[in-house]
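# Descriptive analysis of the structure
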Amino acid sequence: MTFSSLLKGMWKVISLYWKDLLGSGIAFTLLLALIAVIGGVIIGTLFAVGRMSKLKVLRGLIVAIVEVVRGTPALLQLYVGYFFVPAFFPAMNSLDPTLMAFICVAVALTINSGAYVSEIIRSGIEAVDKGQTEAARSLGLSGKDAMLDIVLPQAVKNILPALGNEFITIIKETSLASTFFVGELMTKYKNIVGVTYDSVSTLMVVGIIYFILDFALSKGMKTLERSMKAHA
Amino acid sequence: MLEIKNLYKNFGSLKVLKGVSTSIEKGEVVSIIGASGSGKSTMLRCMNLLETPTFGEVWMEGKLLTPVDPYLHPEVIKASNTFKALTAQGMDENAAIAKIKAEDLLQEKHNKEGKEYKALMDKIYKENFIDIDHARRKMGMVFQQFNLFNNKTVLQNIMYAPVKTGIEELKKAKNYNKETKAKLIADSKERAEALLKRIGLADKANVYPSTLSGGQKQRIAIVRALAMNPDVMLFDEPTSALDPEMIGEVLDVMKELAKEGMTMVIVTHEMGFAREVSDRVLFVDNGNIAEEGNPEEVFSKPKDAHLKDFLSKVL
Ligand SMILES: Nc1ncnc2c1ncn2[C@@H]1O[C@H](COP(=O)(O)OP(=O)(O)O)[C@@H](O)[C@H]1O
Ligand SMILES: [Mg+2]
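Residues numbered from 1 in each chain as written. Chains lettered and ligands numbered in written order. Predicted model: local features only at pLDDT ≥ 70, side-chain atom pairs only at ≥ 80, totals over all residues. Heavy atoms only, no water.

Attention shifts here to the overall build of chain B. Secondary structure assignment for chain B yields 13 helices and 10 strands. Projecting the C-alpha coordinates of chain B onto the three principal axes gives extents of approximately 75 × 60 × 30 Å. Per-residue burial over chain B gives 51% buried out of 315 residues. Considering only residue pairs separated by 6 or more positions, chain B has 67% of its internal contacts joining residues 24 or more positions apart. Counting every atom, chain B has about 14700 Å² of accessible surface; 50% of that belongs to carbon and sulfur. On chain B, the mean spot of the 45 positive side-chain charges and the mean spot of the 45 negative ones are 6 Å from each other. (Helix = DSSP H or I, 4+ residues; strand = E, 2+ residues; numbered from the N terminus. Buried < 20%, exposed > 50% of the residue type's maximum accessible area, 1.4 Å probe, protein only. Contact = heavy atoms within 4.5 Å. Areas by Shrake-Rupley, 256 points an atom, 1.4 Å probe, with all protein chains shown as cover. Lys, Arg positive; Asp, Glu negative; His and termini not counted. Charge placed at Lys NZ, Arg CZ, Asp CG, Glu CD.)

Quick look at the structure:
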């Protein structure tokens, strides 16, 4: 295959399937990533707070979940979500199969992301010098005040960039969801190739879209980081 | 004013403090000297419970900061099942108390020592304890590494604790409203600005700590503690992280404080300074106060062999 025929193939994919690719593939990819990251931040925060709790059982449970998520492949977790979520919520079986698959995958990705985010938050907090807490406590502030007013505002500066990276990672990981044909970009790739049999051109187009999404996000994060530093 | 009684501190199997007692009087300036790693910081940090003592009690202005240490109260030991068992075997009361203390025989779980023991422990605690956050508001602390809040400007650093704790007090007194809050903030700001002016750093009010020199940071850390109107100030090697040319400016602020009658406990390696400002010097060695006295005695006529050795190295 020559370079010009590749370009032609890519053009054909873009012009024929533009609406399909952009309109829903990108939308679903971003939606899935957004759900996973926002849900992940909520779960991750709860986990991080839970890990500071005095309850040993709770701490142990959270550590176990985090370690299991980190120690198993994301694709396997999606399978688990795909089969387990409907088992727990039988009502879901009456839903449209694509929607059901989407929900299952979103739940699994959210928990996956929650585990990583909780680690990001924890290490962001731990990276703040212990002296900051000690200074606040020595002035008679409660541990809660020291955490909320002194430690967390500083930890956020460590946490936000890492969260951006997590978002970027999640966008790439959503491609695993195509295993269940949930309609994100990689599913669209499969749909298109099923008709055109032109995998190379389609892959190139989809790859470029993934790259642009992540590249733009990473640039955006860098700008945000810089403006945060300027205000420190 | 501030008293530590029979303080023990273990870090895992490392025994750092081994039964230290001392009492700091109002207006007294006490320096703590000793080799690095001898437990000076640990001792100081136990005074405001940044480290939790393993055994022993800390008292501040007649209030108990730690849990009750049963070994410090013979009547508590006598109420214990362990004591009763020993004396039932015919052991002499004093011998039983001595044995229990020496061998750390009291059960940590109060109910195992019986109702009478538990009730007595609770009674002593209830009659004397003070909430640690409240106690700390009267004890300023200055750290070797300054520990200014990085996310706050200099002025915010100084105002933060007075405003935050002030609001809490107002709420507790059911006197929290817009006016009282505004007044609290205005008063705190005025005081913070006066303190900054006093150390000649009024022009730094609105900058962040990262732009300051070590000497400036430490002087601000001192007035940040002073903003709470503490009754005692604890210093943990306040000049050890400073470039030599900045040590003087920090020591000057401390000397002035001492002159004003502030009660101060100072861990320091600045022997000249300790000699000049202290009313009493403690030499810490091997987890205990090996020698203490006025600066003249300690520096000119040391008796302890390790102290002599230490002084010959640092002077
Ligand atoms: N948080 C801690 N955990 C374990 N060991 C500690 C801790 N803090 C201090 N130590 C140990 O306790 C000993 C005394 O420390 P420290 O009180 O800091 O000594 P100094 O201030 O006299 O140099 C040292 O051996 C030190 O390593
Ligand atoms: Mg020290």
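Time to look at the sheet that holds strand β6 (residues 139–142) of chain B. Residues and elements named next belong to chain B. Across the sheet, 6 strands lie side by side as β6-β7-β8-β3-β9-β10; this open sheet has mixed pairing. Either end of the sheet is taken by a strand with one partner, and the two such strands are β6 and β10 (288–293). Between one strand axis and the next, the sheet turns by 20° as a mean value, whatever way the strands run. The sheet strands contacting helix α10 (residues 244–259) are β3 (29–33), β7 (232–236) and β8 (263–267), and the helix crosses β8 at an angle near 145°. (Pairing = 2+ DSSP bridges. Axes fitted to C-alpha atoms, helices over the stretch in contact; angles between N-to-C directions.)

Further remarks concern the confidence of the model for chain A. For any part of a model where pLDDT is low, the fine detail of the predicted coordinates should not be relied upon. Here chain A shows a mean pLDDT of 90. Residues at 70 or above account for 97%. Model confidence for chain A, summarised as mean pLDDT per element, is weakest for helix α8 (residues 199–230) of chain A at 88 and strongest for helix α5 (residues 130–138) of chain A at 96. (pLDDT = per-residue confidence, 0-100.)

Residue and element names in this part refer to chain B. In the Ramachandran plot, Lys 174 falls in the positive-phi region, its phi being about 50° despite a non-glycine side chain. Relative to the helices and strands, Lys 174 resides in the loop between α7 (154–172) and α8 (178–198). The phi dihedral of Asn 229 falls on the positive side, at around 55°, and the residue is not glycine. Checked against the element boundaries, Asn 229 lands in the loop between α9 (214–226) and β7. The partly exposed category is assigned to Asn 229, whose relative accessible area is 46%.

Residues and elements named next belong to chain B. Counting residues in each nonpolar core, the largest one holds 42 residues, and the members touching the most others are Ile 222, Met 233 and Met 264. Elements that contribute at least two residues to this core include exactly α7, α8, α9, β7, α10, β8 and α11 (271–277). Among the elements that take part in this core, α10 stands out by supplying 8 residues, more than any other. In this structure, Ile 222 is in contact with Val 142, Met 233, Phe 235, Val 250, Val 253, Met 254 and Leu 257, ignoring residues within four places of it in sequence. Membership of the second largest hydrophobic core comes to 40 residues, among which are Leu 7, Leu 44, Leu 49 and Leu 234. (Core = buried A, V, L, I, M, F, W, Y, C linked by side-chain atoms within 4.5 Å.)

With that settled, the discussion passes to the environment of Ser210(B). Positionally, Ser210(B) belongs in the loop between α8 and α9. Placed 200 residues apart in sequence, Ser210(B) and Asn10(B) show a C-alpha to C-alpha distance of 35 Å.

Residues and elements named next belong to chain B. Applying the stated criterion across every chain, the model contains 12 aromatic pairs over all chains. Seen from their ring centres, Phe 55 and Tyr 71 are 5.9 Å apart, and the 85° between their planes marks the pair as edge-to-face. Taken together, the positions of Phe 55 in strand β4 (residues 55–60) and Tyr 71 in the loop between β5 (63–64) and α2 (74–78) put the pair 16 residues apart, joining distant regions of the chain. Residue Phe 55 is classed as partly exposed on the basis of its relative accessible area of 30%. (Phe/Tyr/Trp six-rings, centres within 6.5 Å; stacked < 30°, edge-to-face > 60°.)

Here the focus is the pairing of β4(B). Residue and element names in this part refer to chain B. Most of β4 sits out of view: 5 of its 6 residues are buried. Where strand β1 (residues 2–11) and β4 come together, 5 bridges link them in antiparallel fashion. Bridge pairing links Glu 3 to Trp 59 in β4. As paired elements, β4 and β5 share 2 bridges and run antiparallel to each other. Residue pairing across strands places Trp 59 opposite Leu 64, the latter belonging to β5.

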